[in-house]
Every structure is written in C-alpha cells, then in structure tokens.
Amino acid sequence: MEKRDHFGSRAAVIMAMAGSAIGLGNIWRFPYMAGQYGGAAFILIYILCSFVLALPIFLSEGLIGRKTHSNAIGAMNALAPKSGWTILGYLSVITPTIIVSYYSIVGGWSVEYFLKSFSLNFGEFNPEGWGVLAFSTVFLAVSCLIVALGVKDGIEKFSKISIPLLFILIVVILAYSLTLPGASQGVDYLLKPDFSKISAKSFAFALGQSFYSLSLGMGIIITYSSYISKDENLLISGAGTALSDLLFAILAGFAIIPAVFSAGIEPSAGPGLIFQTLPFVFGKMGTAHAWVGVAISSLFFITVTVAAMTSAISLLEVGVAYLVEEKHLRRGWACLVVFLIVWLLGLVSVFSSEMFGRIDAMSSNFLLTAGALMAVLFVGWKMDENDVREEITNGGRVNTGTFKILYFIIRYIAPVAVLVIFVSNFVL
Ligand code: PHE
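Predicted model, so just to flag it, every value in this text is computed and none were measured.

1. Considerations on the environment of G371
Inference 1: Within the secondary structure, G371 is located in helix 15 (residues 353-382).
Inference 2: Each residue touching G371, except ones within four places of it in the same chain, is listed here: L88, L91 and G217.

2. Quick notes on the pattern of salt bridges
Inference 1: Overall, the coordinates contain 9 salt bridges when judged by the stated rule.
Inference 2: Residues R331 and E317 are paired through a salt bridge, measuring 2.5 Å at the closest nitrogen-oxygen approach. With R331 in helix 14 (residues 331-351) and E317 in helix 13 (residues 290-326), this pair connects stretches of sequence that are 14 residues apart. Pair check on accessibility: R331 and E317 agree, each one buried.
Inference 3: We note a salt bridge from E385 to R389, for which the minimum N-O separation is 3.1 Å.

3. A look at helix 15
Inference 1: Taking 1.5 Å of rise per residue, 30 residues should cover 44 Å, and helix 15 covers 41 Å from first to last C-alpha, within 8% of that figure.
Inference 2: A maximum bend of about 30° is found in helix 15 at S363.

4. Details of empty space enclosed by the protein
Inference 1: Overall, the coordinates contain 3 cavities of 30 Å³ or more when judged by the stated rule.
Inference 2: Counted as a void, the largest cavity has a volume near 120 Å³.
Inference 3: Along the walls of the largest cavity sit 16 residues, with S20, Y103, Y212, S215 and S311 positioned nearest its centre.
Inference 4: For the lining of the largest cavity, the secondary structure elements donating two or more residues are helix 1 (10-21), helix 2 (24-36), helix 5 (86-117), helix 9 (200-213) and helix 13.

5. A few points about the packing of aromatic side chains
Inference 1: Applying the stated criterion across every chain, the model contains 28 aromatic pairs.
Inference 2: Their ring planes at 85° and their centres at 5.9 Å tell us that F7 and Y227 sit as a pair that is edge-to-face. On the criterion of sequence distance, the pair formed by F7 in the segment before helix 1 and Y227 in the loop between helix 10 (220-225) and helix 11 (234-262) is long-range, its members being 220 residues apart. Assigned by exposure class, F7 and Y227 land together as buried.
Inference 3: Measuring from centroid to centroid gives 6.4 Å for F42 and Y46, while their planes differ by 15°, and the two rings are stacked. In this pair, F42 and Y46 both sit in helix 3 (residues 40-68), 4 residues apart, roughly one turn of the helix. Here the two residues F42 and Y46 agree in accessibility, since each one is buried.
Inference 4: Of the aromatic side chains, those joined through ring pairs into one cluster are W109, Y113, F122, F125, F275, F282, F300 and F301.
Inference 5: In this arrangement the basic side chain of R29 is found over the ring face of Y212, its NZ or CZ atom lying 4.9 Å from the centre.
Inference 6: Here R411 stacks its cationic end above the ring of W381, 3.9 Å away from the centre of that ring.

Reading the values: the criteria
- Residues numbered from 1 in each chain as written.
- Predicted model: local features only at pLDDT ≥ 70, side-chain atom pairs only at ≥ 80, totals over all residues.
- Heavy atoms only, no water.
- Helix = DSSP H or I, 4+ residues; strand = E, 2+ residues; numbered from the N terminus.
- Contact = heavy atoms within 4.5 Å.
- Salt bridge = Lys/Arg side-chain N within 4 Å of Asp/Glu carboxyl O.
- Buried < 20%, exposed > 50% of the residue type's maximum accessible area, 1.4 Å probe, protein only.
- Expected span 1.5 Å × (residues − 1).
- Bend = angle between axes of the 7 residues up to and from the residue.
- 1 Å grid on protein atoms, 1.4 Å probe; cavity = no way out; pocket = protein on both sides within 12 Å on 5 of 7 lines; lining within 4 Å.
- Points joined across faces, edges and corners; volume = space filled by probe spheres on them.
- Phe/Tyr/Trp six-rings, centres within 6.5 Å; stacked < 30°, edge-to-face > 60°.
- Lys NZ or Arg CZ within 6 Å of the ring centre and 35° of its normal.

Now the structure itself:
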C-alpha cells in the first residue's frame, strides 16, 4: 500500500479545510439568507450556530479521522468493527460521491461563464445539454488531477494558493461593488437587524446553512482530519476553518448584494443569482465602460470556479482515500475510477435539471443530516469518553474545561440540533 500522506502544517490543514468549506454555499446561499431572514440578527444566529453547534460536530467527525488515521470506511471498521456503525463509513463515502456529481456541473457552468465574461455576452442560462457536459467534464477532470497529485502535493498546494487568492478576489469585487450608486441599499439589506423576520425558520436555516457550509455529514472532515498529525490541535484547526468560512460568506454578501441593488433588481438565491441575476448586473456595469464589466465579471466567475473546485476536491478525496486504502488501488487509478463513477452519475443531472434539483435536495436534506447525526451519536455515546478526551485535548495538553463543554454539546445538544434540521425540511 502507498505510504500515507499528511498535511504539512497547521496553516495547510486550515487552508485545505477552508477550501472545502468555502464554496457555493457561501456565495449563493448565505447572502440571500442573511437578507431574507433578519439581516444582522440572522448573521448573529448564524455565528452562534457555527461555533456552538457546527463546530462540535466538526470535531466529532474530525476525531474519528484523526484517531484512526484512516479513510471514512476504514475508520469506522477500526472503531466499531462489524457493527451497525460501519454504515456511517459507507454513507460517508457515498454521499460526497453523489454530491460531487452535480457540484461539478455547477463548476462547469462557472467555467463557461468565466469564458463568456470576456464578451459580456451571457445569453440565456441553459443548465443542461452537451455544452454543459463538456465544461463540467473539464472541471471534474482538473479536480481529479489535483487529487491524483496527492494530499500534500495536490490538495495542500492547491489550497494554499487558492484560499488567499479567493480572499483577495472577493475583496477587490467588494471594494468596487460598494462604490456603485445605490450600494448602501444592499448594505442595509444585509445588516439591518430586523427582529420581526426572526422566526423558527431563521434558526433552522441558519443551522442547516452552517452544517452545509462547514461540509459536515459527508465524510470530508473524517477524511481530511485523517491527514492531521497527532500534535495538531483539532479545536484550533476547526475554529480556524469556521472563522475563514464565516468571513468569506460575509465578504461574498457585501460583494454581491450591493451590486444587485445598484442595478435596481431584487436578490435571489441559488443558480439564479449567479447565472442570471449577476450576468445582468455585470452587463449593466459594462454599459459605460465595457472593460469594467469584463474585469469584474471575469474576476467573479474565476472566484466561483476556484471556490467550487476546492470543494469538489474535498468531495472526491473521500472516495479516493477509500479506494487507495481499502481496495489497494494506486492513487492515480483510484482517481480515474472515481472520475468515471462521478461522471456517469453526473449525466443524469446534465440532461435533466429537474433531477439535478432532486439529487441536491435528497443529498443535502437526508444523507447529510443522517451522516452528521450518526457521527455525533457515535462519538457522544458509543466511543469511549477517554478516547474522545484524548483526541480533543491532545492527550491532556488542552484545557479540560473546554472539553467538558464540548462533550456535553456533542452528547446532548448536537443530536437534537441535527434532528431539528431534519424535521425542518418537512415542516418549514
Ligand atoms: N461547504 C461547501 C459550501 O459552502 C459545500 C460543500 C458541500 C462542499 C459538500 C463540499 C461538500 O459551498
């Protein structure tokens, strides 16, 4: 078997994890949700959800990976051999593989729109068809190549360049966006604390968004954490990831929403925001000076492409790690196998945007919550408390008071929170 790679430093861990976390959720969901569900008040709830609930779940998944230094299925086989808990391992490999099949389609749209930026001629948004297949194949192939290069030479290197780049790009776009006439309306939309908009919905959405944004419940944190050395403090890595993710979401909000308002339209969420509303906004920017529209839209679509790619890489790595360690494939072959499976699965979504929506809903509403729930129940109730303490406190070198609080949340509060998200899918 090939020698196991690991991340080279704390910064590398945080960059790779932030690469997974920062993605379409930050760009196309968070800004709209913040505006719709209470502005600054929603953002506050979101911050609480991220740090009080999502972070402990992140740690639960992280310690499963780091304790075993193994892929998701291998980890569960090591910790709870021949028990029902191994389902968590399988689920953790299946969910991301399904998700990446449509995530790479969005990646394909982004590549296409990046190219279209140069003419500012976006035409009508067409989410299906052969053109989409071509672009998403390119996106998927490049992502697989990066994964094939290895954890250190591929994923780590790519994330270390991409994450700082993403922050620079979004700040440039934000700076321009805030100078546009009428931008302040967008700032108000994002920030004005509107307590009348705070409802059970705001809480459930904030919670769901913080889960999705931190890539929980998909085996990603298990897999990436398995490349973290025993000396590294998991809590710091997790908090660093959550902080970068939050910061990027807020910056994306201020980059996008003021520009939308300045063009005199209402913001929306999802593919419509990025591939319909924004192209219109960029076109308007370009009416006085075409180069301004071209510059901002190409910067924006390269941002979306890179953000989606660092997430896609993390999704792919889960399956690849499994094939390399459990099936003893060479890394390159494992990437090829995953590429083919994902590409074939993607065909369904490429030719039917209805299926795309269904697969998205099924995976983010069911599979993801099931994975996160099993992970916290396993760590909170099945694993030996000493093992959990050992991982979270790095063998007693980290404050045990913090451990007690985290352990309490993992055991009692997090499972309820995950159930709330699950149920809210049906009733809200
Ligand atoms: N966390 C990513 C985001 O916010 C989404 C994602 C989902 C990434 C699944 C990887 C896996 O967009």
